[in-house]
Amino acid sequence: VPPGSPVIAADGRLWVLGAALAEARRRVAEGAEVDLAPLHRAVMEALRPPAAGTIGPGFGAGLLVLLDEATALVARLELEGENLRERGQAWVRRQRAGVSYAAPGRRR
């Protein structure tokens, strides 16, 4: 397949989306903000139907990479959500303990 061909372009859209998902997962793991604009652009580009005859041999592999990255991102988000939930529960317990054990007349 020659460089710049529509086949490479169609297959490449999936690889670009997979890379955007991997970057989002990396940033979530670091506790950094995730810029959703590149991810949104990659999703919109990947959802655009490919032209007839432009699906090449890399398309299936691109789909597998994409699914793997999407699954990994969801798993990371679930883990971060659980961590936040646990931290929130610990904060509530500390607040309750502080109110329960405050000296009379010094309640918050």
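Read on for an overview of the structure. Note that the structure is a prediction, hence the values are computed from the model and not measured. (Residues numbered from 1 in each chain as written. Predicted model: local features only at pLDDT ≥ 70, side-chain atom pairs only at ≥ 80, totals over all residues. Heavy atoms only, no water.)

Before going further, it helps to spend a moment on the pattern of salt bridges. As a working rule, side chains carrying opposite charge can pair if their charged atoms are close by. This structure, assessed with the given rule, holds five salt bridges. For Glu-69, the salt bridge identified is with Arg-25, shortest N-O distance 2.7 Å. With a gap of 44 residues between them, Glu-69 in helix 3 (residues 58-100) and Arg-25 in helix 1 (residues 6-30) connect regions that are remote in the sequence. Looking at Arg-25, the relative accessible area reads 27%, which means it is partly exposed. Taking the shortest distance from any N to any O, the salt bridge between Arg-85 and Glu-82 comes out at 3.0 Å. Of this pair, Arg-85 and Glu-82 both sit in helix 3, three residues apart, which is roughly one turn of that helix. Given the relative accessible area of 46%, Arg-85 is considered partly exposed. (Salt bridge = Lys/Arg side-chain N within 4 Å of Asp/Glu carboxyl O. Helix = DSSP H or I, 4+ residues; strand = E, 2+ residues; numbered from the N terminus. Buried < 20%, exposed > 50% of the residue type's maximum accessible area, 1.4 Å probe, protein only.)

Read these as geometric descriptors, not functional statements.
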